[in-house]
Amino acid sequence: LLRAHAALELDPHEAAMTADMIAFAEAHADCLLRSCVPGHLTGSAWIVSPDRTRTLLTHHRKLDKWLQLGGHADGDSDLLAVALREATEESGLVAVRAVSPAIFDVDRHWIPPRKSDPGHYHYDLRFLFEADPQAALAISSESKDLAWVAIDQVTALNPEESMARMVRKTLR
């Protein structure tokens, strides 16, 4: 998946992160496990409305910021399935459809130390999903809130480049 993503026309920052992820995965046989201390691969779901005007975001409890849904692979090498599992667990949505099995976006971000967990990187593979914004939601223990947000308002909640990049890709 990462090699196929690397072959796409990516902005220089995302291309560099993709190359770093490939090198990381090749260097760490345990890259799908939380026990991989430098970091690990994660799977995320960028869930959009069918008309691409809104996205579902979670107000992440531990990180205290608005983000896409997603989480740890815990050994599962099917990161699309990981992203789907996390999307349904964290939102309560029953009907979530993958738009494509290909990676939509990648991001490497630092997770600060917390309790007994050392600081580490998440090498996040993000996939594009669709869901009905009228469907019932259920906030999980990992979230403070869930909200369907207008695509053009996402960066008002979280101005980080990784979020802005997914917004730009959605608008394309």
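Residues numbered from 1 in each chain as written. Predicted model: local features only at pLDDT ≥ 70, side-chain atom pairs only at ≥ 80, totals over all residues. Heavy atoms only, no water.

**Some details on the overall build of the protein**
Here comes step 1: When its secondary structure is counted, the protein shows five helices and eight strands.
Here comes step 2: Ordering the α and β elements of the protein from the N terminus gives α-α-β-β-β-β-α-β-β-β-β-α-α.
Here comes step 3: Over its C-alpha trace the protein gives a radius of gyration of 15 Å, about what one expects of a compact globule, namely 16 Å for 172 residues.
Here comes step 4: In terms of overall dimensions, the protein has a C-alpha envelope of 45 × 40 × 30 Å along the principal axes. (Helix = DSSP H or I, 4+ residues; strand = E, 2+ residues; numbered from the N terminus. Rg over C-alpha atoms; globule rule 2.2 N^0.38 Å.)

**Brief notes about the side chain of Q68**
Here comes step 1: Residue placement: Q68 occurs in the loop between β3 (65–67) and β4 (69–72).
Here comes step 2: The exposure class assigned to Q68 is buried, which follows from its relative accessible area of 8%.
Here comes step 3: For Q68, the side chain forms a polar contact with the side chain of S44, separated by 3.3 Å.
Here comes step 4: Reaching out from Q68, the side chain makes a polar contact with the side chain of D124 at a distance of 3.2 Å. (Buried < 20%, exposed > 50% of the residue type's maximum accessible area, 1.4 Å probe, protein only. Polar contact = N/O pair within 3.5 Å; in protein donor to acceptor, adjacent residues only side chain to side chain.)

**Some points on the pattern of salt bridges**
Here comes step 1: Counted under the stated rule, the structure contains 17 salt bridges.
Here comes step 2: A salt bridge links R85 to E86; the nearest nitrogen and oxygen atoms lie 3.4 Å apart.
Here comes step 3: Using a relative accessible area of 7% as the deciding quantity, one classes E86 as buried.
Here comes step 4: Two residues, R165 and D107, come together in a salt bridge whose shortest N-O distance is 3.5 Å. (Salt bridge = Lys/Arg side-chain N within 4 Å of Asp/Glu carboxyl O.)

**Notes on unusual backbone geometry**
Here comes step 1: Residue R52 is not a glycine yet carries a positive backbone phi of 65°.
Here comes step 2: Its location among the elements puts R52 in the loop between β1 (39–48) and β2 (54–60).
Here comes step 3: Located in the positive-phi region is D64, a residue other than glycine, with phi close to 55°.
Here comes step 4: Within the element layout of this structure, D64 appears in the loop between β2 and β3.

**As for the environment of N158**
Here comes step 1: Following the sequence through the fold, N158 ends up in the loop between α4 (154–157) and α5 (161–171).
Here comes step 2: Expressed as a C-alpha distance, the spacing of N158 and R114, which sit 44 residues apart in the sequence, is 22 Å.
Here comes step 3: If sequence neighbours within four positions are ignored, N158 has contacts with K65, W66, L67 and M163.
Here comes step 4: Polar contacts involving the side chain of N158 include one to the main-chain amide nitrogen of E160, which spans 2.9 Å. (Contact = heavy atoms within 4.5 Å.)

**Digging into the packing of aromatic side chains**
Here comes step 1: If you walk through the whole model with that rule in mind, you get three aromatic pairs.
Here comes step 2: Here F24 and Y123 contribute two aromatic rings whose centre-to-centre distance is 4.0 Å and whose plane-to-plane angle is 15°, an arrangement assigned as stacked. Note that F24 is positioned in helix α2 (residues 12–27) and Y123 in strand β7 (residues 120–131), a separation of 99 residues in sequence. Here F24 matches Y123 in class, with each residue buried.
Here comes step 3: Both rings, one in W110 and one in Y121, keep their centres 5.0 Å apart while their planes meet at 70°; by these two values the pair is edge-to-face. With W110 in strand β6 (residues 105–111) and Y121 in strand β7, the pair connects residues that are 11 residues apart, well separated along the chain.
Here comes step 4: Overall, W110 belongs to the partly exposed group, its relative accessible area being 47%.
Here comes step 5: Each member of the aromatic cluster is reached from another via a ring pair, and the members are F24, W110, Y121 and Y123.
Here comes step 6: The ring of Y121 carries R108 above its face, with NZ or CZ at 4.4 Å from the centroid.
Here comes step 7: One cation-aromatic arrangement involves K169 over F104; the distance from NZ or CZ to the ring centre is 5.6 Å. (Phe/Tyr/Trp six-rings, centres within 6.5 Å; stacked < 30°, edge-to-face > 60°. Lys NZ or Arg CZ within 6 Å of the ring centre and 35° of its normal.)

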